[in-house]
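# Examining the three-dimensional arrangement
The primary structure of each chain is shown beneath.
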Amino acid sequence: MERITIKDKTFAINIPESKIQARIIELAGEINTDMRGKSPVFLCVLNGAFLFAADVFKNLDIECEISFLRVSSYEGTASTGHIKNLVGISASLKDRHVVILEDIVDTGDTAIYLLQEIKKHQPKEIRFASLLFKPKALRHEVKLDYVGFEVPNDFLVGYGLDYDGLGRNLRDIYKLAE
Ligand code: 5GP
Ligand code: MG
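This structure is a prediction, so every number in the text was calculated from the model and none was measured.

What counts and how
- Residues numbered from 1 in each chain as written.
- Chains lettered and ligands numbered in written order.
- Predicted model: local features only at pLDDT ≥ 70, side-chain atom pairs only at ≥ 80, totals over all residues.
- Heavy atoms only, no water.
- Helix = DSSP H or I, 4+ residues; strand = E, 2+ residues; numbered from the N terminus.
- Buried < 20%, exposed > 50% of the residue type's maximum accessible area, 1.4 Å probe, protein only.
- Contact = heavy atoms within 4.5 Å.
- Core = buried A, V, L, I, M, F, W, Y, C linked by side-chain atoms within 4.5 Å.
- Salt bridge = Lys/Arg side-chain N within 4 Å of Asp/Glu carboxyl O.

Tracing the backbone shows Leu27 in helix 1 (residues 17-35). On the basis of relative accessible area, Leu27 is assigned to the buried category, the value being 2%. Separated by 78 residues in the primary sequence, Leu27 and Val105 place their C-alpha atoms 16 Å from one another. In this view, Leu27 contacts Phe52, Tyr146, Val147 and Gly148; residues no more than four positions away in its chain are not counted.

Spelled out as structure tokens, the structure:
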């Protein structure tokens, strides 16, 4: 399907499934090489990264674990602004090699927050993998160790990414059409 409609918006295909899957095999290959013998813990950031995490994980052939977490954000009072809350870290990360699996890094706010919170658990090393990266939107200095695709500042849906809760089940990634 070249074009799809979700609610009031039309989206055009941007990254086809075949390209996503081929790139994930490459990324998983790099991770296998880098992390072999380190028994890493992968942290999948819900909801958006669930398909990416599953496809990376299926292509790993090293000893490894996976755990799932979520950043919930809510509007605080006017003085405190936007408050984030991290839920779901149950495994002990102390002295472990950790690899964060994210769907997309946009401004980098979430990435910075995740890194700061996960550091408190005193891991040996934290690496960051994101399927998508919008370099033009980035507002922080964040080191991304594994990036699937650099994309422009378009609004994307599919393959885990949603528009108003919908579209996560699409196998391809679509961008908002003008
Ligand atoms: P950041 O904190 O880097 O600004 O943004 C991270 C979050 O914003 C992502 O995890 C995702 O939920 C959302 N986001 C950023 N860009 C897009 C996009 O193009 N499409 C969708 N569906 N979500 C996005
Ligand atoms: Mg995300």
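Another point: the nonpolar core. Residues Phe52, Leu101, Leu131, Leu132 and Ile173 are the most contacted members of the largest nonpolar core, which totals 28 residues. Contributions of two or more residues to this core are made by helix 1, strand 3 (41-46), helix 2 (50-58), strand 6 (97-105), strand 7 (125-133) and strand 8 (146-150). Setting aside chain neighbours within four positions, we find Leu132 in contact with Ile15, Asp103, Ile104, Val105, Phe149, Val151, Leu156, Leu161 and Ile173. Counting 21 residues, the second-largest nonpolar core is a separate cluster that includes Leu43, Val45, Ile126 and Val147.

What follows deals with the pattern of salt bridges. Across all of its chains, the model carries 15 salt bridges by this definition. Asp61 serves as the salt-bridge partner of Arg36, at 3.2 Å between the closest nitrogen and oxygen. Taken together, the positions of Arg36 in the loop between helix 1 and strand 3 and Asp61 in the loop between helix 2 and strand 4 (65-75) put the pair 25 residues apart, joining distant regions of the chain. You can call Asp61 exposed: its relative accessible area is 54%. For Lys58, the salt bridge goes to Asp55, with nearest N and O atoms at 3.1 Å. On the criterion of helical spacing, the pair formed by Lys58 and Asp55 is a turn pair, its members being 3 residues apart in helix 2. Relative accessible area serves as the criterion here: at 65%, Lys58 is assigned to the exposed category. Where salt bridges share partners, they join Asp34, Glu125 and Arg127 into one cluster.

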